Amino acid sequence: MNTIYVVGIGPGAYEKMTVEAAQVLKSCDVIVGYTVYVDLVKEHFPGKEFLTTPMKREAERCELAFREAEKGRKVAMICSGDAGVYGMSGLMYEIGEQYPDTELRIIGGLTAATSGAAVLGAPLIHDFAVISLSDLLTPWEKIEKRILAAAEADFVICLYNPSSRKRHDYLQKACDLVLRYQKPETVCGYVKNIGREGEEGHVLTLEQLRGTEVDMFTTVWIGNSQTRELRGKMVTPRGYRNV
Ligand code: SAH
């Protein structure tokens, strides 16, 4: 049986890739992925064949992986972070319906929510909600509903895809929704280029976050009512000191 490994490579730096992911990539003949991710790993896996497709060609990329596997080659499809968090593993199963003779193995990776949390301090210690602000695949009304529900339930909120060229004011809109339930001084943070060159973490208030412009290589954390700033870091207490 042919096998495709769907591999989360972590946020960027080779050191942040799991040992399992590195071993799998080392053992494969072909590595398929979005150009940016292939460029991140290429130097560490000499001798492999690299196949890329540009952004928004996800289905094509999956087909390419299955066609290579059908030739009997050992294939890895790479994604940033974890392939199961706004990644390609779901689509690989869907497209895989047409390729019943190819087995899929998913190799988990370090997702931006947790790798970036480590940069900011300890923002996720308790319950948290992860929401993508991209309305390419989810209607904005639904995104709004999820933000409001998470804010009302006092979750720490981690926002993926907080911005793009066409969506400058989405972070501001998201902050306005959270402000219906949380105070303007709520502790927040954002990290740009986690585990990559130019990594930059910032801790700030919800009100300040509202006026901040971030790019698509940034992840954002909005604290809950308990989140505090300690040593300049973003910390959500779990409540150990109250028991
Ligand atoms: N599968 C990825 C998420 C892909 S969605 C994962 O598990 O991390 C793309 C979004 O993820 C980006 O817009 C950004 O919000 C976040 N992201 C992914 N890698 C990042 C990095 N190295 N630094 C900052 N944010 C990142």
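(A) Molecular detail of the environment of Y93. When you line up the elements, Y93 lands in helix α4 (residues 89-95). A relative accessible area of 46% places Y93 in the partly exposed class. Linking Y93 and L104, residues eleven residues apart in sequence, is a C-alpha distance of 7.6 Å. Contacts of Y93, omitting those with residues within four sequence positions, involve L104 and I106.

(B) The arrangement of the site of the ligand in detail. Taken together, 19 residues sit near the ligand, with S80, V85, T111, M216 and T218 positioned nearest. Between a nitrogen atom of the ligand and a main-chain N or O atom of P11, the distance comes to 3.1 Å. Take F217: an N or O atom from its main chain is 3.5 Å from a nitrogen atom of the ligand. Considering the ligand on its own, with 550 Å² of exposed area, one finds that the protein chains cover 92% of that surface.

Rules used in this analysis
- Residues numbered from 1 in each chain as written.
- Predicted model: local features only at pLDDT ≥ 70, side-chain atom pairs only at ≥ 80, totals over all residues.
- Heavy atoms only, no water.
- Helix = DSSP H or I, 4+ residues; strand = E, 2+ residues; numbered from the N terminus.
- Buried < 20%, exposed > 50% of the residue type's maximum accessible area, 1.4 Å probe, protein only.
- Contact = heavy atoms within 4.5 Å.
- Near = heavy atom within 4 Å.
- Polar contact = N/O pair within 3.5 Å; in protein donor to acceptor, adjacent residues only side chain to side chain.
- Areas by Shrake-Rupley, 256 points an atom, 1.4 Å probe, with all protein chains shown as cover.

By themselves, these are just geometric observations and shouldn't be taken as functional.
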